[in-house]
Amino acid sequence: MKQVMKRALSCLITFGLIALILVKLSPLFRPEDTADCQLKANFFYTLPKNSVEVMIYGSSHAYRGVSTEKLYAKYGIGAFNHAWNWQKIDTTRLFIEDSLAYQKPKVALIETYHVHAVNRNADPSAEIFSSKYLRNRNAVNEYLKNSFGTNYKSYLGYYLPVIVFHENWNILKKSNFIDSETDEFHRINMGYCKTDGITVLSRSSITCNEQSGLDSDAKEELEKIIAVCKENDIKIVFFTTPFYGNHAYHDVMQEYSEAHDCIYVDFFELFDEVGFDPEKDFSDGGHLNVYGAEKVSDYLGKVLVENFDLTDMREVEGNLWQKNFYGDNAD
Amino acid sequence: MLFNSVGFLIFFPIVLLVWFAIPEKIRYLWLLAASYYFYMCWNAKYAVLLLTSTVITYASGLLLEKVKGLEIDEIKKIRYKKAVVALSFVSNLGILCYFKYINFIIFNLTKAFSLININLSVPAVDVILPVGISFYTFQALSYTMDVYRDDIYAEKNFFRYALFVSFFPQLVAGPIERSKNLLRQLAAPRKFDYDMAREGFLLMLWGFFLKLVIADRIAIFVDTVYGDYTQYGGYYLIVATVLFAVQIYCDFSGYSTIAMGAAMFLGIRLMENFNAPYLSLSVGEFWRNWHISLTSWFKDYLYIQLGGSRKGKARKYLNKMTVFLVSGLWHGAQFTYVAWGGLNGLYQIIGEALQPARDKAVSLLRLNRKSIGHRLACVLITFVLVDFSWIFFRAQSINDAFNIIGSMFSADNPWIIPDGSIYGCGLDVNNFRLLAVCMAILTFADIVKRRGIKIREVILRQDYWFRWIFIAVSVCFILLFGKYGKRLDSAAFIYFQF
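Residues numbered from 1 in each chain as written. Chains lettered and ligands numbered in written order. Predicted model: local features only at pLDDT ≥ 70, side-chain atom pairs only at ≥ 80, totals over all residues. Heavy atoms only, no water.

Looking at this structure, how should I read the pairing of strand β3 (residues 107–111) of chain A?
In the case of a regular strand, side chains alternate between the two sheet surfaces. Residues and elements named next belong to chain A. Among the five residues that make up β3, five are buried, leaving the element largely enclosed by the rest of the structure. Where burial is concerned, the two faces of β3 agree: the one with Val 107, Leu 109 and Glu 111 and the one with Ala 108 and Ile 110 are both buried. In this sheet, β3 lies alongside strand β1 (residues 54–57) in parallel orientation, the contact comprising four bridges. Bridge pairing links Met 55 to Ala 108 in β3. In this sheet, strand β5 (residues 235–240) lies alongside β3 in parallel orientation, the contact comprising five bridges. Looking across to β5, one finds that Val 107 is bridged to Lys 235. (Buried < 20%, exposed > 50% of the residue type's maximum accessible area, 1.4 Å probe, protein only. Helix = DSSP H or I, 4+ residues; strand = E, 2+ residues; numbered from the N terminus. Pairing = 2+ DSSP bridges.)

Mind showing me how you'd approach the interface of chain A and chain B here?
In many reports, interface size means the accessible area that the parts give up when they come together. Each partner contributes residues to the interface: chain A has 27 residues there, and chain B has 25 residues. Across the contact surface, chain A and chain B share one salt bridge. Run the count over chain A and chain B and you get six residue pairs in polar contact (both at pLDDT 80 or more). Mapped by element, the contributors of at least two residues to the side of chain A that touches chain B are α1 (2–25), α8 (152–159) and α9 (161–164) of chain A. With 10 residues, α1 of chain A is the single largest residue contributor to the side of chain A that touches chain B. The class makeup of the residues in the side of chain A that touches chain B is 17 nonpolar, six polar and four charged. (Contact = heavy atoms within 4.5 Å. Salt bridge = Lys/Arg side-chain N within 4 Å of Asp/Glu carboxyl O. Polar contact = N/O pair within 3.5 Å; in protein donor to acceptor, adjacent residues only side chain to side chain. Nonpolar A, V, L, I, M, F, W, Y, C, P; charged D, E, K, R; others polar.)

What is the right way to look at the domain arrangement of chain A in this model?
Residue and element names in this part refer to chain A. Here chain A is described as being made up of domain 1 (1–30) and domain 2 (31–326). Taking only C-alpha atoms, the centre of domain 1 and the centre of domain 2 are 41 Å apart. Between domain 1 and domain 2 lies a buried interface of about 1000 Å² when both sides are counted; carbon and sulfur atoms form 66% of it. Our count for the domain 1 to domain 2 interface comes out at zero salt bridges. At the boundary of domain 1 and domain 2, one finds five residue pairs in polar contact (both at pLDDT 80 or more). Within the side of domain 1 that touches domain 2, the residues separate by chemical class into five nonpolar, one polar and one charged. (Domains from an automatic or database assignment. Buried area = accessible area lost by both parts, 1.4 Å probe.)

Before we go on, may I ask you to explain a nonpolar patch on the surface in this structure?
Judged by side-chain polarity, Ile 105, Leu 109, Phe 113, Leu 115, Ile 116, Ile 118, Leu 120 and Val 122 of chain B come together as a nonpolar surface patch covering roughly 710 Å² of accessible area. Residue position: Ile 118 of chain B is located in the loop between α4 (74–115) and α5 (133–148). (Patch = residues over 30% accessible without salt bridge, like charges linked within 9 Å, V, L, I, M, F, W, Y side chains within 5 Å. Areas by Shrake-Rupley, 256 points an atom, 1.4 Å probe, with all protein chains shown as cover.)

How do you make sense of the pattern of salt bridges when you look at a structure like this?
It is possible for side chains bearing opposite charge to pair when their charged atoms get close. All names here are of chain A. Applying the stated criterion to the full structure yields 32 salt bridges over all chains. As a salt-bridge pair, Glu 221 and Arg 93 come within 2.5 Å of each other at their nearest N and O atoms. Placement of the pair is Glu 221 in helix α12 (residues 216–231) and Arg 93 in helix α5 (residues 89–99), with a sequence separation of 128 residues. Taking relative accessible area as the criterion, Glu 221 reaches 1% and is therefore assigned buried. Residue Arg 93 is classed as buried on the basis of its relative accessible area, which comes to 6%. Taking the shortest distance from any N to any O, the salt bridge between Arg 314 and Asp 312 comes out at 3.0 Å. On the accessibility criterion, Arg 314 (38% relative accessible area) is partly exposed. Overall, Asp 312 belongs to the partly exposed group, its relative accessible area being 24%. Members of the salt-bridge network, linked through shared partners, are Asp 90, Arg 93, Glu 97, Arg 120, Glu 142, Asp 217 and Glu 221.

Quick question: what am I supposed to make of the state of the cysteines here?
Any covalent bond linking the sulfur atoms of two cysteines counts as a disulfide. Counted by the stated rule, this structure contains zero disulfides over all chains. Looking at Cys 11 of chain A, it has no disulfide partner, and the nearest cysteine sulfur is the one in Cys 476 of chain B, 16 Å off. Under the relative-accessibility criterion, Cys 11 of chain A is labelled partly exposed at 33%. Its sulfur unpaired, Cys 208 of chain A is 20 Å from the next cysteine sulfur, which belongs to Cys 262 of chain A. (Disulfide = S-S within 2.5 Å.)

Where do I start with the environment of Asn 168 of chain A in this structure?
All names here are of chain A. Along the chain, Asn 168 turns up in the loop between α9 and α10 (174–177). Once the C-alpha coordinates of Asn 168 and Phe 29 are considered, the two residues, 139 residues apart in sequence, prove to be 5.7 Å apart. Within the structure, the side chain of Asn 168 is placed 3.2 Å from the backbone oxygen of Arg 30, a separation counted as a polar contact.

Please clarify how unusual backbone geometry should be interpreted in this entry.
With glycine set apart, most residues show a phi of negative sign, and most peptide bonds adopt trans. Residues and elements named next belong to chain B. Even without being glycine, Asp 150 reaches a positive phi, approximately 65 degrees. Inspection of the secondary structure assignment puts Asp 150 in the loop between α5 and α6 (158–166). Asp 150 sits in the partly exposed class, given a relative accessible area of 48%. The phi angle at His 291 is positive, at roughly 40 degrees, despite the residue not being glycine. Along the chain, the position of His 291 falls in the loop between α10 (283–289) and α11 (292–303).

What am I meant to see in the environment of Leu 434 of chain B here?
Along the chain, Leu 434 of chain B turns up in helix α17 (residues 429–450). Overall, the relative accessible area of 10% leaves Leu 434 of chain B in the buried class. Considered as a pair, Leu 434 of chain B and Leu 63 of chain B are 371 residues apart in the sequence and their alpha carbons are 56 Å apart. Excluding its chain neighbours within four sequence positions, the residues that come into contact with Leu 434 of chain B are Trp 169 of chain A together with Arg 217, Phe 477 and Phe 481 of chain B.

Sorry, what's going on with the sheet that holds β1 of chain A here?
Within a sheet, neighbouring strands are paired by backbone hydrogen bonds and run either parallel or antiparallel to one another. Residues and elements named next belong to chain A. Spatially, β2-β1-β3-β5-β7 is the arrangement adopted by the five strands of the open sheet, whose pairing is parallel. Since the sheet does not close on itself, it has two edges, and those belong to β2 (79–81) and β7 (263–266), each with one partner. Ignoring which end each strand starts from, the neighbouring axes of this sheet average 20 degrees apart. The pairing of β1 with β2 spans three bridges and is parallel. (Axes fitted to C-alpha atoms, helices over the stretch in contact; angles between N-to-C directions.)

Before we go on, may I ask you to explain the domain arrangement of chain B in this structure?
Residues and elements named next belong to chain B. Under the domain assignment, chain B is made up of domain 1 (28–189) and domain 2 (196–497). Tallying the contact residues gives 32 residues for domain 1 and 31 residues for domain 2. Note on domain 1 versus domain 2: buried area summed over both sides is about 2700 Å², and carbon and sulfur give 66% of it. There are one salt bridge connecting domain 1 and domain 2.

Can you help me understand the packing of aromatic side chains in this one?
The geometry of an aromatic ring pair is captured by the separation of the ring centres together with the interplanar angle, meaning the angle of the planes. Under the definition given, this model contains 83 aromatic pairs over all chains. Taking the centre distance of 5.5 Å and the plane angle of 45 degrees together, the rings of Phe 38 of chain B and Phe 168 of chain B count as tilted. Taken together, the residues span a long stretch of sequence, with Phe 38 of chain B in helix α2 (residues 27–40) and Phe 168 of chain B in the loop between α6 and α7 (179–187) at a distance of 130 residues. When sorted by exposure, Phe 38 of chain B lands in the same class as Phe 168 of chain B, which is buried. Seen from the ring of Tyr 158 of chain A, Lys 132 of chain A lies directly overhead, with NZ or CZ sitting 5.3 Å from the centre. The ring centre of Tyr 28 of chain B lies 4.5 Å from the NZ or CZ of Arg 160 of chain B, which sits over that ring. (Phe/Tyr/Trp six-rings, centres within 6.5 Å; stacked < 30°, edge-to-face > 60°. Lys NZ or Arg CZ within 6 Å of the ring centre and 35° of its normal.)

Looking at this structure, how should I read the side chain of Asp 90 of chain A?
Residue and element names in this part refer to chain A. In this fold, Asp 90 is placed in helix α5. With relative accessibility at 3%, the residue Asp 90 sits in the buried group. Apart from residues no more than four positions distant in its own chain, Asp 90 is found in contact with Ala 117, Val 118, Asn 119, Arg 120, Tyr 143, Ser 147 and Glu 221.

How should I be thinking about helix α13 (residues 250–259) of chain A in this particular structure?
Note that an α-helix has 3.6 residues per turn; residues three or four places apart therefore point the same way. All names here are of chain A. Listed in full, the buried residues belonging to α13 are His 250, Val 252, Met 253, Tyr 256 and Ser 257. All buried residues of α13 fall inside an arc of 165 degrees around its axis, so they share one side. Opposite the buried face of α13, at more than 90 degrees from it, the exposed residues are Glu 255, Glu 258 and Ala 259. Elements that come into contact with the buried residues of α13 comprise α12, β5 and β7. (Arc of directions from axis to C-beta.)

Following this line, the structure appears as structure tokens:
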């Protein structure tokens, strides 16, 4: 009996060691760029409760396409850019639901690049993995259930990324090994990602000639976004930033917005009016650079002040935006 | 169900736990049920074929035993016995032929007739090759032959015999077990042996390392290059061909090793299927150490039956060539496999025919056969010859194989290695480095094995803390550096298609 116990203990210790190594290695192997998402989320939760009047949600198109500094400097809007890379519409809904426990914005600016796409029966991806850093666990659990279905392997990958993202051993960098607790970048930009670099595009390649509809899953996600915003008395402005290729959801978003009393700002339609320069305003085929983002933000700011009763934060002494953008001693 | 799948990682512990919990006497029944479930995970229908093969060979065993007991004259007895064996062989090989070779036969007959202007329009038969059919058919047939030769008594217990044919660790890709080894072990109730299980665990780890870390990593490069050999000519093909030799070794021996390890948990010792084959000094030695269970099967049940080396040199060479051609065909219904087998047969015949001349040359040049340099040269030459034959094994057609050889011999792009172009075929420089380290580990393990040292026994002799850390680190190493997808799905073993 003693020997059996000894052997059982030996097996347990071995498997315990394996589990310990895997758990300890897991943070190193998380999907690329999600560490930055964690920093941004952590910064978001440090914002004073209910201090933000305009929240920006969506994919990297919004993350890199809407300058919170421009919104503040020109219109006095107190906004936080809560968008993150890759987001499909269900991930955007998750970010909205999570953020509402901390902020009660008057307006939600929702970017629609991935409005047609939802995660269903999905593999664990960097996009889904970014939900790990959100604090509304009920919302996250529901999101995971919808995304993975009953695929237990995906759950394993989510909770133990070292297994699913093991190929990341090949791209480990110094930054993977160093924990940075604060992130100046997100603080001084209030969530917005300034992107340098210019990619020259041709105007004719930025179109919305071919139009498509939304499937039932995408519609359901939109309905839920509308419902949660309504419940919290938040007005919605949908918007689409320009990108290389065909924007297939102009018509459907226009109709949807009108039907639900929302504003839809489509920069494909406004491309010439806003004065985008396809040779200067893009950092790559999909994303605007800092010049393009200024133009988007300028136009959105005008829409916001014309349609909503927002506080001019510039007149609030010691406000968050003034401090974060220009430092404590700046005028 | 693949060994390298999550399904197996769930299936195997359940099988073990139940096996451990139930009385020893009925454990074989549980293993039989588990084996059929394992097989039916691919295609439930094809379990009927497995059962058919089992029933035929089981019945033939009983019949042979009955004939042996008949009080008739010896010549008649032998005739009856031969008739039973023939019946077993014809029916089993008939099934194998139909499912594996029917379309190959139809295609080539049609082609042959078209040469003499006769147009045959026979449609192709819609059959899927049942996984492992070549393996279990040969295993079942070896039983018939063993009973015929009085090497063993016929098994009376149908379920035990059915387990012998379908034992899940080695069912779909070998080792092709002999009744003398496996059936005898199954005859006695198996007990859980902790030391055997530990050894089995280490073997399984080694098998997973070979398959997931080495073979599946190399597969990416080889598939890219061979998949588009017109684009990746010259040195790309040379490197891919060298790596393919390692890939197929690690893939197949990986499977066999996992099979051996899994069986050891259940108290069964399967035969060794590989013994460091690439360290062989001649092609003949290579074949004595490569896929040992199949080579010995052909030797025992075909080569010797054909007369072996007993009927003169010419006949011996003919027999050898026959064995290798059949062995090639056993691997698949394609002429590439036949050519691969034929080439290996030819190596051996030429090697033997030139033996006196080689001996003379060695003595004239005063070469020391035992020196490291001489042995190394022999190992290299053997590897080059064997690797050259792998081109036919890997190519999609004979024509492709000749084009690949042509491209290799006119190689004029050696810069792809120093300038890093080679890293653009699916494996980057870090993966190549990792591969080099792993192949060094493999070479070390093979050298040690040839010297009669079992690394797993050395590990198990170490202190408990070393064993814990070694196993934990090894498991994590395989999980980190193994090749498998986000859904934890990894590549099938190459030999499954045979």
